[in-house]
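For reference, the chains in residue letters:
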Amino acid sequence: MQQSDDSGAPSFNPLVVLELISDTKEEAIAWLLSRIRTPQQAGGAGLLVEQLGPGVSAEHKDNPNLFLVGASWERLLSGAEDVGLFKEYSDGSMRGFTCTNKHNFKDFQGDGDGFLSMAECQYIIKHELETLRAKDETHVPGYSNAKLYPGKSIIRRLLSKGILIQMFPLHHKEELKRLSFSWYKKFKLSLQPLDEIRHYYGEGQALYFGFLEYFTFALVPMALFGVPYYMFDWEDYDKYVAFAVFNVVWCTIILELWKRSSATLAYHWGTLSRKKAFEEPRPGFHGVLGYNPVTDREEPLYPNAKRQLRIYLVSLPFVLLCLYLSLYVMMIYFQMEGWALSVHDQDPSFWTGVLLYIPSIIYAVVIEVMNLVYRYAAEFLTEWENHRLESSYQNHLVLKVLVFNFFNCFASLFYIAFVMQDMVLLSQSLATLLITSQILNQFMEAFLPYWLQRRRNKKMIRKVQKKRTPGDKELPLAEQVRLEADMSTYLGTFDDYLELFLLFGYVSLFSCVYPLAAVLVVLNNVTEVYSDAFKMCHVFKRPFADPAANIGVWQLAFETMSVIAVVTNCALIGMSPQVKAYFPESETQLILWTVAIEHGLLAFKFILTFLIPDVPKHIQIKLARLEFESLEALKKKKMLEGTEFRKSVQ
């Protein structure tokens with residue numbers, strides 16, 4: 001096996017790290033490395049791999065089974081074709097990369113050095129490793145319980161059996177420094193460097209930050225409208241009709257315009273027309289071995305009826321039980337609120353005034369704790385449901401988490417608004433819940449991970465300084481790899497989108513009674529940009545690029561929230577004394593008019609959805625032209641094949 005030198009530096013450019021358990025059997029290691037190095041034509045991955053050297057601060061407890069994976073430039077280019085990478089063509093359009101016409105692509109010069117970003121190279125290596133399949137092996141050498149069969153993904157089997165601990169892409173120190181400086185190290189009132197984020201982290205991450213930026217700018221008109229509204233009408237809680245109408249229009253338009261903005265970014269990054277890769281079974285998926293009728297390969301099969309029984313007989317009752325517990329906690333909160341009010345009414349003072357806010361603060365903290373506990377339970381249940389595909393797993397997890405979080409965070413506000421009909425308490429509760437949740441989220445997402453990572457960094461630096469020479473300024477590669485291996489794993493944009501979803505709910509549903517909600521969310525989002533950027537660069541391992549074309553299921557979640565916002569704001573308008581004054585004698589007429597207006601606004605919202613194209617016209621034309629050229633090229637190819645066949649027959 002090829003070894004790296006004493007400093008841990010390999011003889012090629014390392015891109016991805018594989019970490020096996022420390023007591024992995026030697027025959028398993030030798031077999032895995034052989035399969036990774038074997039050329040693609042012989043059924044291997046055709047990649048370069050070396051074991052990480054011990055480094056200057058090696059200790060006996062350090063895991064020796066860390067392996068650096070890279071690839072030759074030719075292999076990366078053929079991999080780019082395998083994954084269907086889209087790059088900018090010489091005519092400015094985005095086309096699928098092929099090695100045969102590589103010199104026709106805009107940025108391909110010489111041997112193509114620099115044509116692929118590091119994130120793209122790492123994604124290609126991940127794809128090649130995950131599609132490395134067993135041939136005639138029946139099990140992983142040395143592990144009779146790690147069964148294999150022809151066509152089974154080797155990496156997924158090693159992960160599911162706990163032999164492979166993790167696989168992660170390495171940071172590039174110089175690129176990371178440049179990105180950090182342009183992204184968050186200098187405070188500036190300008191747009192985020194989305195192209196640079198995409199170049200370093202991939203499209204999925206860049207789309208999240210693009211959406212965060214778009215959402216923040218979209219909130220500015222509401223914030224500007226809310227400040228004077230708060231200043232002049234704050235004491236008169238009934239005058240919220242104009243703001244509620246503004247809410248309805250605002251939440252309808254911004255999501256439609258985001259689709260266009262998202263499509264423009266995705267086209268520019270080459271993911272809009274990229275074909276989705278065929279999904280392999282998840283590493284945790286299990287079942288009875290059988291044949292997949294699509295791929296004609298052996299893989300575990302699990303009856304869908306059994307999965308549905310698990311969902312409807314176990315998961316659904318559990319979610320309903322959690323919703324009942326959330327309702328029970330909410331009623332305890334109202335009892336505490338009533339007690340605080342009675343104390344304040346008996347002896348009004350500064351301290352009893354402060355006491356009025358204590359129940360809301362306690363309730364806000366309890367909500368966050370319940371959301372966290374429920375999240376772990378939802379993940380366990382969704383894993384137990386045994387979904388075959390990662391997309392199916394994510395959809396079921398998102399649905400469970402969204403339903404509970406929505407109910408847990410907003411049930412009390414709906415109760416205050418429509419059962420108690422107390423706009424003063426609604427405004428106070430909304431403000432307290434919003435501010436407390438933002439403070440807790442910033443602490444949990446930024447300060448706590450930062451503090452834990454600083455402790456790990458200091459420990460590693462102290463170890464290195466004992467044995468390094470005074471002239472060294474940077475960590476040697478071996479120490480850098482071990483430091484990154486110990487970093488927290490970035491679990492994707494799920495929690496980030498969930499936080500934005502809840503903030504969108506606070507603003508779109510009830511901000512008409514607390515106009516400063518949009519201002520608070522803008523301030524939160526500005527700090528969120530900097531804290532998320534810092535976490536990505538210095539707290540978490542670098543994630544693999546996700547070639548996303550949009551924000552996925554979250555677009556539907558935000559659109560559902562906007563529909564609920566239309567209904568909620570119409571109901572608040574119907575309850576306002578200003579509107580009630582027009583119907584002094586008949587409450588039925590008021591309800592009918594409110595429902596009619598709400599239906600009209602929903603119809604207007606859906607008409608807007610059809611009127612505003614999701615993809616801008618100029619991009620539609622480019623995509624249509626590309627499809628036309630592909631069909632023409634296919635026709636020519638068939639004609640040439642037909643001509644050659646006739647010649648061979650003659």
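What you are looking at is a predicted structure, and each value in this text was computed from that prediction instead of being measured.

## Description of the pairing of strand β7 (residues 143-147)
Sheet topology note: the strand β6 (residues 139-140)/β7 ladder contains two bridges and is antiparallel. Following the sheet pairing, H139 is matched in β7 by K147. The hairpin turn running from β6 into β7, its antiparallel successor, is two residues long, and G142 in that turn takes a positive phi close to 90°.

## Re the packing of aromatic side chains
In this structure the tally under the stated criterion is 34 aromatic pairs. Between F105 and F115, the aromatic rings sit 6.2 Å apart at their centres with planes inclined by 65°, giving edge-to-face as the arrangement. Of the two residues, F105 sits in the loop between β5 (94-96) and α3 (118-130) while F115 sits in the loop between β5 and α3, which places them ten residues apart along the sequence. For the pair F105 and F115, one class covers both residues: buried. Here K87 stacks its cationic end above the ring of F115, 5.1 Å away from the centre of that ring.

## Comments concerning the nonpolar core
Counting 103 residues, the largest nonpolar core has W183, W250 and W554 as its most contacted members. Excluding anything up to four places from it in sequence, W250 contacts F215, A218, L219, M222, F504, V507 and S508. Counting 48 residues, the second largest nonpolar core, distinct from the first, contains A28, L85, C121 and M167.

## Here's the deal with the UniProt feature "transmembrane region" (unreviewed entry) in the chain
As annotated by UniProt and renumbered to match this structure, "transmembrane region" (unreviewed entry) occupies residues 206-228, 240-258, 311-334, 354-377, 397-418, 430-452, 500-523 and 590-612. Span residues 311-334 is 100% helix and 0% strand, its end C-alpha atoms 33 Å apart. Secondary structure across residues 500-523 comprises 75% helix and 0% strand; the distance between its end C-alpha atoms is 13 Å.

## A short note on the confidence of the model for the chain
Looking at the chain, pLDDT values average 83 and 89% of them are 70 or higher. Here residues 1-8 is modelled with pLDDT under 50, and outside its nearest four sequence neighbours on either side it reaches 26 contacts, counting other chains as well. Note on residues 467-472: pLDDT under 50 across the span, and six contacts to partners over four residues away in sequence or across chains.

## Observations concerning the pattern of salt bridges
Throughout the structure, instances matching the rule amount to 16 salt bridges. Of the charged contacts in the structure, one is a salt bridge between R198 and E120, with a shortest N-O distance of 3.2 Å. Taken together, the positions of R198 in helix α6 (residues 194-201) and E120 in helix α3 put the pair 78 residues apart, joining distant regions of the chain. Given a relative accessible area of 15%, R198 falls into the buried group. Taking relative accessible area as the criterion, E120 reaches 7% and is therefore assigned buried.

## Remarks on the sheet that holds strand β2 (residues 48-51)
With antiparallel pairing, four strands are arranged side by side in an open sheet as β2-β3-β1-β8. Of all the strands in the sheet, the pair left with one neighbour each is β2 and β8 (164-169). If you compare each strand with its neighbour and ignore which way they point, the axes differ by 20° on average. As defined by bridge partners, strand β1 (residues 16-20) adjoins strand β3 (residues 66-70) across four bridges and the pair is classed as antiparallel. Paired with L18 across the two strands is F67, which belongs to β3. Its contacts with the sheet put helix α1 (residues 26-37) on β1, β2 and β3, and the angle it makes with β2 is roughly 150°.

## Focus on the side chain of E256
Along the chain, E256 falls in helix α8 (residues 241-269). Polar contacts involving the side chain of E256 include one to the side chain of T609, which spans 3.4 Å. Ignoring anything within four residues of it in the chain, the contact list for E256 reads E559, L608, T609, I612 and D614.

## Quick notes on the side chain of Q205
Among the structural elements, Q205 can be located in helix α7 (residues 203-233). Filtering out sequence-adjacent residues up to four positions away, Q205 remains in contact with Y490, T493 and M536.

## Considerations on the packing of α8 against helix α15 (residues 494-510)
Direction vectors running N to C along α8 and α15 enclose 145°, while the axes themselves pass 8 Å from each other. Side by side, α8 and α15 meet where N247, W250, C251, I254 and L255 of the first sit next to F504, V507 and S508 of the second. Tallied by class, residues from the contact of α8 with α15 come to six nonpolar, two polar and no charged.

## Section: the pairing of β3
For β3, a buried count of five out of five residues is recorded, marking the element as mostly surrounded by other parts of the structure. Side chains L66, L68 and G70 of β3 all project onto a buried face; the interleaved residues F67 and V69 project onto the opposite face, where all are buried too. Pairing of β2 with β3 involves four bridges; the strand directions are antiparallel. Bridging across to β3, L48 finds its partner in G70.

Quick notes on the rules
Residues numbered from 1 in each chain as written. Predicted model: local features only at pLDDT ≥ 70, side-chain atom pairs only at ≥ 80, totals over all residues. Heavy atoms only, no water. Pairing = 2+ DSSP bridges. Helix = DSSP H or I, 4+ residues; strand = E, 2+ residues; numbered from the N terminus. Phe/Tyr/Trp six-rings, centres within 6.5 Å; stacked < 30°, edge-to-face > 60°. Buried < 20%, exposed > 50% of the residue type's maximum accessible area, 1.4 Å probe, protein only. Lys NZ or Arg CZ within 6 Å of the ring centre and 35° of its normal. Core = buried A, V, L, I, M, F, W, Y, C linked by side-chain atoms within 4.5 Å. Contact = heavy atoms within 4.5 Å. UniProt positions renumbered as here; feature names shortened; annotations may be inferred. pLDDT = per-residue confidence, 0-100. Salt bridge = Lys/Arg side-chain N within 4 Å of Asp/Glu carboxyl O. Axes fitted to C-alpha atoms, helices over the stretch in contact; angles between N-to-C directions. Polar contact = N/O pair within 3.5 Å; in protein donor to acceptor, adjacent residues only side chain to side chain. Nonpolar A, V, L, I, M, F, W, Y, C, P; charged D, E, K, R; others polar.

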